[in-house]
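What follows is the residue order along each chain.
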Amino acid sequence: MCGRFVAAAPPSVLADYLRVDEIRTEALGPSWNVAPTDPVYAVAETRDDRRLLGSYRWGLVPSWAKDAGVGARMINARAESVGKKFAAAFERRRCLVPADGFYEWEKTADGKKQPWFIHRADGAPLAFAGLWEVWWPEGVDRDETEPLRTCTIVTTEANDLLRPIHDRMPVVLSPSDWDGWLDRDNTDVSTLAKLLVPADPRSLEMFEVSPRVNSVKNNDGELVAPINPR
C-alpha cells in the first residue's frame, strides 16, 4: 500500500534527475502530503521515444470507466496481479512517479497508528513504478476536450526494512531499470514483472513522524521532521 507521499522537488530538478527530454506541465507546487486524486508528476515516453514529465491525477481511471470517481480506489496496483487487472496499461502505458519519500503506518500496541517517513538514504528522489491511462467523459468532442490523465503506483511485498511496520511498499525502480520500464516497444511482460520487487533495504532510511500527517489538511515541511529518535 502507498496511500500518501511527498512530492516537494520542482519539475526542473526531477527532469534533470530522470533524464527527461521535455517538461509538459506547469509546476504543481511542493506537497508534503500527497493524497489520492491529487495531481502528481509522472514521467512517460512517447511513441518516438521522447521522455516527458507531465502531470497526472493519482488514481487510475481506465478508458472504459463510466465515471472518473473510480480512480480514487485505484491508487495502487499490486505487482502480483498487475498483468491481469491492468494488462493493457502494463504492456503499453508505464511511467515513473517521482517522490521525495512516502509514508507508512505502524499499528501500535494501544490500537493507534504511528506514521513513518521512508526515503532514499542518499537523498535522491525515489522513482516509483507506475501505470498511466487517459479517459474522456462520455459524449464529449475529443477534438475539443482534453482527456483526464491518471496514474497508479505499483506495490509489492515489503523489504526487510519496512516489514516490521507494514507488509507492502511501492516498487522503487533503480536508474538502470528506467529505460526498460518506460520503453513503449518493450511488451515482454514476463521480463517487466521481474522488475517489480522490493527495494534493497540498504538504499532506504525511515523514521517516525508526527501524526499530523494523518490529516490531508496538514501540508508543510514539518510533516517529515523526525520524532522519537532511536
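Here, the structure is the one placed above.
Calculation rules
- Residues numbered from 1 in each chain as written.
- Predicted model: local features only at pLDDT ≥ 70, side-chain atom pairs only at ≥ 80, totals over all residues.
- Heavy atoms only, no water.
- Helix = DSSP H or I, 4+ residues; strand = E, 2+ residues; numbered from the N terminus.
- Contact = heavy atoms within 4.5 Å.
- Phe/Tyr/Trp six-rings, centres within 6.5 Å; stacked < 30°, edge-to-face > 60°.
- Buried < 20%, exposed > 50% of the residue type's maximum accessible area, 1.4 Å probe, protein only.
- Lys NZ or Arg CZ within 6 Å of the ring centre and 35° of its normal.
- Core = buried A, V, L, I, M, F, W, Y, C linked by side-chain atoms within 4.5 Å.

Let's shift gears to the environment of Gly101. Position of Gly101 among the secondary structure elements: in strand S8 (residues 101-107). Between the C-alpha atoms of Gly101 and Leu14, which are 87 residues apart in sequence, the distance is 14 Å. Residues in contact with Gly101, not counting those within four places in the same chain, are Phe5, Val6, Phe117, Ile118, His119 and Leu126.

Tallied over the full model, the rule gives 9 aromatic pairs. Judged by centre distance (6.0 Å) and plane angle (85°), the rings of Phe5 and Phe128 are edge-to-face. Residue Phe5 is found in strand S1 (residues 5-7), and its partner Phe128 is found in strand S10 (residues 126-135); the two are separated by 123 residues along the sequence. Residue Phe5 shares its accessibility class with Phe128, and that shared class is buried. Taken together, a centroid distance of 6.3 Å and an interplanar angle of 50° make the contact between Tyr103 and Trp105 tilted. An aromatic cluster is built from Phe5, Trp58, Phe102 and Phe128, whose rings are joined through pairwise contacts. Over the ring of Trp181 we find Arg94, and its NZ or CZ is 5.7 Å from the ring centre.

The next point concerns the nonpolar core. Within the largest apolar cluster, 34 residues are counted, with the highest numbers of intra-cluster contacts made by Leu18, Leu96, Leu131, Leu173, Trp181 and Leu196. Of all elements in the fold, only helix H1 (11-17), strand S4 (39-45), helix H3 (87-92), S10 and helix H4 (175-182) reach the threshold of two or more residues within this core. In terms of residues, this core owes the most to one element, S10, which gives 4 residues. Residues in contact with Leu96, not counting those within four places in the same chain, are Leu18, Tyr41, Ala42, Val43, Ala127, Phe128, Leu173, Trp178, Trp181 and Leu182. In this structure, Trp58, Ile118, Cys151 and Ile165 belong to the second largest nonpolar core, which totals 29 residues.

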